[in-house]
Amino acid sequence: MSYKSTSPIFGLSFLILFLLIFSRTIFFNVTGFDDVILINEQQVFLSQVDENNKSISDLFSQDIFPSKKTNDVYFRPLFAFSLLKDQFLGNGSLVYYHIANLIVSILAFFLLYFTLRNYMPKTNKIVLWLSSGLFFLNPLFCSSVCWIPGRNDTLLLVSVLLTMLTFKKVQLTQKPIFGILNVTAFCAAIFIKESAIVIPFLLLLYSLIFCKDFLKSKTLITLSSIWSIMIIIYLILRNNALENPITASYNILGNFITNIISIPNYIGKFFTLSNFSPTPIVPDMNILVSIIGAIILILGIKFTPNKKMALFGISWFVLFLLPGIIFANPILVNSYHFEHRAIVPMIGILFVFIPLLSKLYLKQNNKTLFYIAYSILLLVSSIKTLQYSSSFKNENNFSKAAIESSPNCETAWVLRGSYEYKNKKITDAIKSYKKAISINPTITRNYFNLFKIYYSTNQQKNAFDLIEELKTNKNIDPYTKHKDLAIFYKSINDTAQFEQQYQLAKKHTKDIEQLKKILANVNPANSN
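Residues numbered from 1 in each chain as written. Predicted model: local features only at pLDDT ≥ 70, side-chain atom pairs only at ≥ 80, totals over all residues. Heavy atoms only, no water.

Asks: Outline the packing of helix 20 (residues 426-439) against helix 21 (residues 444-456), listing residues and values.
Replies: Helix 21 packs onto helix 20 with a crossing angle of 160° between their chain directions and a minimal axis gap of 10 Å. By the criterion of interaxial angle, the relationship of helix 20 to helix 21 is roughly antiparallel. The handedness of the crossing between helix 20 and helix 21 is left-handed. Note on element contacts: helix 21 touches helix 20 through N446, Y447, N449, L450, I453 and Y454, opposite I426, A429, I430, Y433, K434, A436 and I437. (Axes fitted to C-alpha atoms, helices over the stretch in contact; angles between N-to-C directions. Helix = DSSP H or I, 4+ residues; strand = E, 2+ residues; numbered from the N terminus. Parallel < 35°, antiparallel > 145°, perpendicular 65-115°, else oblique. Left-handed = near helix turned anticlockwise from the far one by under 90°. Contact = heavy atoms within 4.5 Å.)

And the structure:
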């Protein structure tokens, strides 16, 4: 029996193995980090459909976290729609959310195989199945399946792969139907996640490397024009949707220098199957893992028999990572380098290594050794994935894993403190929140969370001493400090202190109307 007739068996085998490993995740609970907020947002939205005549189109006029009053960042209406669909079908049941994650990942797996097959048609199909299967069973991408918010990137991957597939068909056939499908897939991608905006650059680069004649074709010129129009429409809608976008000047060079370690770190994690974290941050990244990742990439580029494909793969990897590297202000926006964000960029690494794997596989005397090595790697990867996936099972597992892997992450300690407080482990909760404040004393919410614990356990002196400590903290932006203190004092009905902090906040902002709007939404704790 030839490999052509047996290769689909590999795809089916990987599907079965994938389901064996991840089927239990459909019964996972929430982690307490973003997923609770996202699910609550969909519940609120559905209630407003009836009460305030909202419709699906309203998803295109709001941030993914519409209840947040400041620092809008994420305009992702199609991702929001996928969550809304789960909320509607399951009436709040988490099972529907996790089943959807599983289905999207399986779809992405098969699309990856067909994309690789179309872009590397001469490559052995068994090698393509083996590469696709091992890719999706890598623990680096656990969160894209196990964690509800991680679906954002597998959805993006599906739309990216569809865009790539249809583009290849356009190039080969020049048929308008594939052009329409390409435009549709790209449109879906940019409304799923912002980083999809780099797709046209990647497609043009592919044409430059592999089919220069296509660059001059009317078909590509037409497609490029439509892509440009869609990007403009997207940017206009995004600007209108984000009510309070972050306005701080981005230090692109500074961000790049701070975040650049994440580039080889993703590769190192992928190949060493280590250093995973639910809340990865730069200070806790393993330098050795990053060095190993860089060395493996350099060796892959050196020994791959297809340098053009390697150039395309590296370009894919860098282009999809770049927005998060240069625009993610570690202080204001995004101090995390979440692992599910690597699933789209890491496809580029496959284009580097698959030609080399195919060359090794086709050597008759190496096939047995190839299968033995691959089986060992698959076994280790599957075991690691099974173990690491438990980190996303519930709030306890998630916060514990976050602290163990990222002890310098302020949010990890906050999540742990929140879990401990809800489970009446008051002493432990106080320690966790104190640790969070010591890591980053500029995050005002942690002072208020700790105040709540002190106050609810009759430690009033400690509670108000903490607020005085916050008042005298000179490291916090004055507007943020006084605004949040005004919110706090309004919530506890201290009118005099509220007025004082409100007046101080007014001195540090030009948008007084926005400040009034924020404070108007605050209800005293004992109000009806």
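Asks: Before we move on, can you summarise the pattern of salt bridges with the specific residues and values?
Replies: The full count for this structure, using the stated rule, is twelve salt bridges. With a closest N to O distance of 2.5 Å, D86 and R151 form a salt bridge. Taken as a pair, D86 in helix 3 (residues 77-90) and R151 in helix 7 (residues 151-173) lie far apart in primary sequence, 65 residues in all. Judged by relative accessible area, which is 2%, D86 ranks as buried. For the salt bridge of D465 with K461, the shortest nitrogen-to-oxygen distance reads 2.8 Å. With D465 and K461 both in helix 22 (residues 460-471) and four residues apart, the pair spans about one turn of that helix. Judged by relative accessible area, which is 38%, D465 ranks as partly exposed. (Salt bridge = Lys/Arg side-chain N within 4 Å of Asp/Glu carboxyl O. Buried < 20%, exposed > 50% of the residue type's maximum accessible area, 1.4 Å probe, protein only.)

Asks: Give me the lowdown on helix 20, citing residues and values where you can.
Replies: Between its terminal C-alpha atoms helix 20 stretches 20 Å, which fits the 20 Å expected from 14 residues at 1.5 Å a residue. If you check which residues of helix 20 are buried, you get A429, I430, S432, Y433, A436 and I437. Across the axial projection of helix 20, the buried residues extend over an arc of 165°, all falling on one side. The outward face of helix 20, more than 90 degrees from its buried face, is lined by the exposed residues T427, K431 and S438. Those residues of helix 20 that are buried lie in contact with helix 19 (410-422), helix 21 and helix 22. (Expected span 1.5 Å × (residues − 1). Arc of directions from axis to C-beta.)

Asks: So what's going on with the packing of helix 13 (residues 262-272) against helix 15 (residues 307-326)? Which residues, and what values?
Replies: Two elements in contact, helix 13 and helix 15, have axes whose closest approach is 11 Å; the angle formed by their N-to-C orientations is 125°. Our classification of the angle between helix 13 and helix 15 gives oblique. Helix 13 and helix 15 meet at a crossing whose hand is right-handed. In this structure, helix 13 uses S262, I263, Y266 and I267 to contact helix 15, whose residues at the interface are F317, L321 and I325. In terms of residue class, the contact of helix 13 with helix 15 is built from six nonpolar, one polar and no charged. (Nonpolar A, V, L, I, M, F, W, Y, C, P; charged D, E, K, R; others polar.)

Asks: Can you lay out the nonpolar core for me, pointing to particular residues and giving the numbers?
Replies: Counting residues in hydrophobic clusters, the biggest one holds 153 residues, and the most contacted among them are F135, F136, F167, F312, W316, M346 and F351. With residues up to four places along the chain from it excluded, the contact list for F351 reads L116, Y119, M120, M309, A310, F312, G313 and W316. (Core = buried A, V, L, I, M, F, W, Y, C linked by side-chain atoms within 4.5 Å.)

Asks: So, a nonpolar patch on the surface: which residues are in play, and what are the values?
Replies: There is a patch of nonpolar side chains on the surface, built from I287, L288, I291, I295, L299 and F303 and spanning about 580 Å² of accessible area. With respect to the helices and strands, L288 occurs in helix 14 (residues 287-303). Take L288: its relative accessible area is 54%, and that puts it in the exposed class. (Patch = residues over 30% accessible without salt bridge, like charges linked within 9 Å, V, L, I, M, F, W, Y side chains within 5 Å. Areas by Shrake-Rupley, 256 points an atom, 1.4 Å probe, with all protein chains shown as cover.)

Asks: So, the environment of N101: which residues are in play, and what are the values?
Replies: Its place among the elements puts N101 in helix 4 (residues 94-119). Residue N101 is classed as buried on the basis of its relative accessible area of 0%. If we ignore the near neighbours within four places in the chain, the residues touching N101 are S144, V145, W147, I148 and R151. Polar contacts involving the side chain of N101 include one to the side chain of R151, which spans 2.6 Å. (Polar contact = N/O pair within 3.5 Å; in protein donor to acceptor, adjacent residues only side chain to side chain.)

Asks: So what about the environment of L78? Which residues, and what values?
Replies: Position of L78 among the secondary structure elements: in helix 3. Distance in space between the C-alpha atoms of L78 and I192 is 5.1 Å, their sequence separation being 114 residues. Beyond its immediate stretch of four places on either side in the chain, L78 contacts F60, A188, F191 and I192.

Asks: Let's hear about unusual backbone geometry: which residues, and what values?
Replies: You will see that Q174, though not glycine, has its phi angle at about 60°, which is positive. When you line up the elements, Q174 lands in the loop between helix 7 and helix 8 (176-190). Using a relative accessible area of 38% as the deciding quantity, one classes Q174 as partly exposed. Of note, N275 is a non-glycine position whose phi angle comes to about 65°, a positive value. If you trace the backbone, N275 turns up in the loop between helix 13 and helix 14.

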